[in-house]
Amino acid sequence: MRKYQHLFFDLDRTLYDFDANNRNALYSIYRQYKLWKKGRIGFDRFMNTYHPINLGLWDDYKQKKITKKRLNVQRFAQTFKALGMNDSMAEDFASDYLKISPEQTRLMPGTLEVLACLKNKYTLHIITNGFEEIQYQKISRCGLGPFFTTVTTSEKAGAQKPDAAIFDLALQSAGASPEHSLVIGDDPESDIRGAKQQGIDQVWLAQDWEESPVEPTYTIHSLRELINLL
Ligand SMILES: [Mg+2]
């Protein structure tokens with residue numbers, strides 16, 4: 001399979017262990033703000049309350065109903081309110097979250113080994129839904145920078161995957177054509193459907209043996225399978 005020249009990797013939950021890192025970051029701020037003492041709120045309860053609120057606000061942000069700043073503060077303000085706590089610390093909490101988040105550096109299993117192997121045969125790129133500053137910090141702190149020729153974020157493109165605009169910008173920055181490109185990602189909607197709509201082949205990194213609503217070109221269950229596939 002040598003028709004591909006450019007590999008476009010999603011970042012969160014494909015290379016960067018977003019769930020573990022995010023949980024660590026939130027736990028560290030939860031402790032710093034002594035939420036247990038303030039409201040007798042256990043960390044799991046905090047996370048279970050935060051999670052759906054965060055997802056809902058991200059949807060609003062994607063639909064351009066709210067700004068980045070409002071997303072960041074409101075996800076904590078609404079969580080505190082839902083837990084019956086005073087939300088006056090939400091702004092500080094949100095600002096600390098943005099500082100601490102990119103300091104977390106756990107990668108998905110096999111990431112560095114797989115990238116080192118593929119770098120010899122392909123030109124590697126990142127295409128990610130996220131904020132410029134945060135995603136670049138994650139890439140740099142995790143030692144991923146040297147592997148990648150271009151990084152395209154949704155903030156820079158002004159559009160989130162699966163929107164065509166972010167794929168167009170990524171291809172254009174890379175000087176790549178859709179038929180010589182391959183997108184690797186975990187999200188059936190943003191990564192797989194998004195790439196497919198642009199005529200780009202896709203590798204779906206499936207978690208927990210879930211079913212994809214969109215038929216991907218290839219399916220893998222761990223990054224290491226890429227070495228044999230490519
Ligand atoms: Mg992802």
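These remarks concern the structure in this document. Just so it is clear, the model here is predicted, and its values are computed rather than measured.

## Some thoughts on the nonpolar core
- Judged by nonpolar contacts, the single largest core of 34 residues is most densely connected at F9, A170, V183 and I184.
- Of all the elements, helix α9 (residues 164-174) adds the most residues to this core, at 5 residues.
- For V183, the contacting residues outside a window of four places in its chain are F8, I127, D191, A195, I200 and Q202.
- Of all hydrophobic cores here, the second largest spans 5 residues; its members include V73, F76, F80 and A90.

## Section: the pairing of strand β5 (residues 201-205)
- The element β5 is largely enclosed, with a buried count of 4 among its 5 residues.
- Where strand β4 (residues 181-185) meets β5, 4 bridges bridge the pair, whose relative direction is parallel. Note on β5: the bridge partner recorded for V183 is Q202.

## Things to note about the sheet that holds strand β2 (residues 123-128)
- Within the open sheet, the 6 strands sit side by side as β3-β2-β1-β4-β5-β6. Their pairing is parallel. At either margin of the open sheet sits one strand with a lone partner, and together these are β3 (150-153) and β6 (218-220). Here the strands of the sheet are splayed against their neighbours by 20° on average, with no regard to which way each runs.
- Direction of pairing for β2 relative to β3: parallel, over a ladder of 4 bridges. The residue bridging I126 from the neighbouring strand is V151, located in β3.
- In the packing of α9 onto the sheet, the strands contacted are β1 (6-9), β2, β3 and β4, and the crossing angle to β3 comes to about 165°.

## Side note on the pairing of β4
- Burial analysis of β4 places 5 of its 5 residues in the buried class, which makes it a mostly covered element.
- In β4, alternate side chains face the same way, and those of S181, V183 and G185 on one face and L182 and I184 on the other are all buried.
- Taken together, the 4 bridges between β1 and β4 define a ladder with parallel strand orientation. Bridge pairing in β4 places F8 opposite V183.
- Remark: the β4/helix α10 (residues 188-197)/β5 crossover connection has right-handed handedness.

## Points about α10
- Listing the buried residues of α10 in full gives P188, S190, D191, I192, G194 and A195.
- Close packing links the buried residues of α10 with α9, β4 and β5.
- G199 lies just past α10 and shows a positive phi near 75°.

Cut-offs and rules
- Residues numbered from 1 in each chain as written.
- Predicted model: local features only at pLDDT ≥ 70, side-chain atom pairs only at ≥ 80, totals over all residues.
- Core = buried A, V, L, I, M, F, W, Y, C linked by C-beta atoms within 7 Å.
- Buried ≥ 20, exposed ≤ 12 C-beta atoms within 10 Å, placed from the backbone.
- Helix = DSSP H or I, 4+ residues; strand = E, 2+ residues; numbered from the N terminus.
- Contact = placed C-beta atoms within 7 Å.
- Pairing = 2+ DSSP bridges.
- Axes fitted to C-alpha atoms, helices over the stretch in contact; angles between N-to-C directions.
- Right-handed = clockwise from strand over helix to strand, strands pointing away.

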